[in-house]
Amino acid sequence: MAKGRKGGYRVEREILNEERLEELSQRLDISQTRIPLSYRLKNSLRCSVPSLKRRVVSFLPVLYWLPRYSIWDYGMPDLISGISVGIMHLPQGMAYALLASLPPVFGLYTSFYPALIYFFFGSSRHISIGTFTVLSIMVGSVTERLAPDADFLIMNGTNVTAEVDITARDQYRVQVAAATTVLAGLIQVILGLVQFGFVGTYLSEPLVRGYTSAAAAHAVVAQLKYIFGVSPIRFSGPFSLVYVSTGTLVDMCALLVVSIIVLITAKELNNRFSKKLPVPIPVELIVIVVGTLISFYTHLNETFEISVVGEIPSGLQPPTLPNTSYFSEVVVDAFALAVVGYAISISLGKTFALKHGYKVDSNQELVALGLSNAVGGFFQCYSVCASMSRSLIQETTGGRTQARHTCVSSAVIVLVTVLKLGPLFQELPKAVLSAIVFVNLKGMFKQYADIVTLWRSSKIDLLVWLMTWASTVFFNLDMGLGASISFALLTVIFRTQRPRYSVLGHLPGTELYLDMETHKEVREVPGITIFHSSATIYFANAELYLEALKQKVTVFVMPETPHNSWVYLKGTDPETTTLGSLSDLQDGDITTLESSSEDTLSRDLERVSLGSLGKWTWDIHSIILDLSPANFIDTVAIKTLRNVKIDVDIYMAGCQALVVEQLEQGGFFSDIDKERLFTSVHDAVLYCLNRRGAGALPNYETAAVSFTDSDTTDTTYSHTVRGCM
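The rules behind each value
- Residues numbered from 1 in each chain as written.
- Predicted model: local features only at pLDDT ≥ 70, side-chain atom pairs only at ≥ 80, totals over all residues.
- Heavy atoms only, no water.
- UniProt positions renumbered as here; feature names shortened; annotations may be inferred.
- Helix = DSSP H or I, 4+ residues; strand = E, 2+ residues; numbered from the N terminus.
- Buried < 20%, exposed > 50% of the residue type's maximum accessible area, 1.4 Å probe, protein only.
- Phe/Tyr/Trp six-rings, centres within 6.5 Å; stacked < 30°, edge-to-face > 60°.
- Lys NZ or Arg CZ within 6 Å of the ring centre and 35° of its normal.
- Axes fitted to C-alpha atoms, helices over the stretch in contact; angles between N-to-C directions.
- Parallel < 35°, antiparallel > 145°, perpendicular 65-115°, else oblique.
- Left-handed = near helix turned anticlockwise from the far one by under 90°.
- Contact = heavy atoms within 4.5 Å.
- Nonpolar A, V, L, I, M, F, W, Y, C, P; charged D, E, K, R; others polar.
- Pairing = 2+ DSSP bridges.

- Looking at an unreviewed UniProt entry, one finds the chain named STAS domain-containing protein, with Pygocentrus nattereri as its source organism.
- Per UniProt, the chain carries the Subcellular location (unreviewed entry) text "Membrane".

1. Description of the side chain of Glu365
And then number 1: With respect to the element layout, Glu365 can be found in helix H16 (residues 362-378).
And then number 2: Classification of Glu365 by relative accessible area gives buried; the value is 3%.

2. Brief notes about the side chain of Lys674
And then number 1: By the secondary structure assignment, Lys674 is in the loop between helix H27 (657-665) and strand E13 (677-678).
And then number 2: On the basis of relative accessibility, which here comes to 18%, the residue Lys674 falls in the buried class.

3. Focus on the packing of aromatic side chains
And then number 1: Counted by the stated rule, this structure contains 19 aromatic pairs.
And then number 2: With centroids separated by 5.6 Å and ring planes inclined at 70 degrees, the aromatic side chains of Tyr172 and Tyr326 adopt a geometry described as edge-to-face. Taken together, the residues span a long stretch of sequence, with Tyr172 in helix H9 (residues 166-193) and Tyr326 in the loop between helix H14 (300-304) and helix H15 (327-356) at a distance of 154 residues.
And then number 3: We classify Tyr326 as buried; its relative accessible area is 6%.
And then number 4: Taken together, Phe112, Tyr113 and Phe379 form an aromatic cluster joined through their ring pairs.
And then number 5: For Arg125, the ring lying beneath its charged end belongs to Tyr358, and the centroid distance is 4.4 Å.
And then number 6: A cation over an aromatic ring shows up here: Lys459 above the ring of Trp455, its NZ or CZ 4.6 Å from the ring centre.

4. Notes on the packing of H9 against H15
And then number 1: Remark: H9 packs on H15, axes separated minimally by 8 Å, with the N-to-C direction vectors making an angle of 55 degrees. As summarised for this structure, H9 and H15 are arranged oblique, according to the angle between their axes. Here the hand of the crossing between H9 and H15 comes out right-handed. Residues Ala179, Thr180, Val182, Leu183, Ala184, Ile187 and Gln188 of H9 touch H15, and the partners they reach there are Phe327, Val330, Val331, Ala334, Phe335, Leu337, Ala338 and Tyr342.
And then number 2: Looking at side-chain class alone, the contact of H9 with H15 contains 13 nonpolar, two polar and no charged residues.

5. Considering the pairing of strand E6 (residues 501-506)
Remark: a regular strand shows side chains that alternate across the two faces of the sheet.
And then number 1: In terms of burial, E6 is a largely internal element, six of the six residues being buried.
And then number 2: Because side chains alternate across E6, one face comprises the buried residues Tyr501, Val503 and Gly505, and the other comprises Ser502, Leu504 and His506, equally buried.
And then number 3: Of the strand pairs in this sheet, E6 and strand E8 (residues 528-533) are connected by four bridges, and their pairing is antiparallel. Each residue of the ladder has a partner; that of Val503, found in E8, is Phe531.
And then number 4: Where E6 and strand E7 (residues 513-515) come together, three bridges link them in antiparallel fashion. The partner of Leu504 across the bridge, within E7, is Asp515.
And then number 5: Hairpin geometry of E6 and E7 is characterised by an intervening segment of six residues between the two adjacent antiparallel strands and by a positive phi of about 85 degrees at Gly509.

6. Some thoughts on the UniProt feature "transmembrane region" (unreviewed entry) in the chain
And then number 1: Sequence positions flagged by UniProt for "transmembrane region" (unreviewed entry) are, in local numbering, residues 96-121, 176-198, 241-265, 277-297, 334-354, 401-419 and 469-494.
And then number 2: Here residues 176-198 is 78% helix and 0% strand, with 29 Å between the C-alpha atoms at its ends.
And then number 3: Between the C-alpha atoms that bound residues 334-354 the distance is 30 Å, and the span itself is 100% helix and 0% strand.

7. Thoughts on the sheet that holds strand E12 (residues 649-653)
And then number 1: Sheet architecture is open: six strands sit in the order E7-E6-E8-E11-E12-E13, paired in mixed fashion. Among the strands making up the open sheet, the edge pair consists of E7 and E13.

8. Here's the deal with the environment of Ala637
And then number 1: Structurally, Ala637 is set in helix H26 (residues 635-642).
And then number 2: Using a relative accessible area of 0% as the deciding quantity, one classes Ala637 as buried.
And then number 3: Residues Ala637 and Asn541, spaced 96 residues apart in sequence, show a C-alpha to C-alpha distance of 8.3 Å.
And then number 4: Not counting the four nearest positions on each side in its chain, Ala637 is found in contact with Ile537, Tyr538 and Ala542.

9. Things to note about helix H23 (residues 542-552)
And then number 1: Within H23 the residues assigned to the buried category are Ala542, Tyr545, Leu546, Ala548, Leu549, Lys550 and Lys552.
And then number 2: On its buried face, H23 is in contact with E6, E8, strand E11 (622-626) and H26.

What follows is the structure, given as structure tokens:
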């Protein structure tokens, strides 16, 4: 429809309450809609050939897409993409191994085995599985906690000095990292098999960005010793970052390599001329090669005692069983690695899937990532997940439609390096690898701009970001993750406990009801109060819901009125109103409801006291509770609703089918008729007006609402709505 043209529709039907709606729609009983557990188990064990084939294909996605893979269409682009990603794997694998406090060669192993496993089980076409900054730091915190340098000191004869047995220490750390990785992988596989793919949704975007920004701070501190050539004492646990920073900054005295400047310049050129370059400049590999050559010919290690990578054994390590005795000590860390790694991978996978028009199975991704970690752990790999930088390269350098083939190409590059080229990098200074880590953290440092953005958009999300950052920086990565998730969930509970409560009014000419405090054109319906909560009602806010209802519509006792009648007070607060203020009320400010004894009034007043918005212009005879935002309701909320008793008619409107079922199961309708539950607020309003003898809503010039009346059950209404389409 052309812009600015007005469209409209006309509805004519009877007013529907829940009882009449069930009669018309032939709603099934709960027992008829829920499949018995025994039947579901029996059906899941039934293995017909088609269903078995579907299960195998869903578990091994490679069986679905590989037969359809076109070498002519995708082969060359994927090959170029795989080589580009493989070249990135080499420097990043060795550099991130330092973050994990492991020898660089184990970073190469980690870039090889998990990628091959993901090739068979992964459902995302564009993410690159391998080493990642955050997970490397998390693994490093585990290895340094369980295998600190102090446990591997060798006393130097008669001297009081001691040296660290690096070989024994590294072997122990590799075992710890492998055991942690296997356990994290098993956790991911189990979660995936029981359909817990939604677990990553508990890590909101502000939480993840705050967490990775804090992890970047840990990464910077961890690499300072390699860049400046110092060996500060390492700490673990809470406030370890503060202690390490102090020791490192005091000991800064060595040469700062220029690799950082070169890397940043080259990366910016890559970004600026990305559309003109067929493939990005492999600046990280170039820096590694140049750094190795300079170190080799100038003898940096012997002359200046610059720390270098050292021996890189040729060939692959045979698989070994992890030491299960470590499991009890690393189970918390393993769970954190499982959740964080999955959250990062699935967010990247869904981003690329949305861009290229395919679907990523969250549960299958959890299984694929878990198998990549579990199998990789047997080959001395540490935890992996998707990498943003490599995934972007994989997508932009040719992996347009079926980029999973690039996993094989990149794995071949890493394999050749491990088998034949590894010894060539033995003289590579570790400071160069640290420079690569520094530059790759640039994106995480840019996330500090989120503070300004979130300040403008959402203060609560900003609080989650800051709390996550602070807890991760000061309480270490594992404790920080637990604290930040707990805090984020508390903000959700707090927001449901303190929703927005409002009294709704009618928008003339429509069937819509909006907040009277925020919309100038809405009008109060004569004699009807419509109470609305922006959140569902459950045990945590049921009492607050009732308190808000008290504040919006006040029932109070006026001692000076005849017979101690119930009265509505216009714009008064029952906690602060005095007799003097009551005497100033005009005749239109009070409405007598019924006479009662003093004892009865005091008991009723103690049970419930409803409060006013301060805009009454008619006598109130009905209250409508708008429950349309509620998506569930528990027994506490049901009891609360049943206890709302007052000498005006109470109705409910807008309940979802699930809420109606839960009301039935909670016995809500044992003494309350379903006739008091309406499908919409408009149905409830028209019913109340008709019951009180009103022929229609007030005429607000544009209103077009009318009744055709016989009796209450057969009442119909016609309603015309006009608006811009």
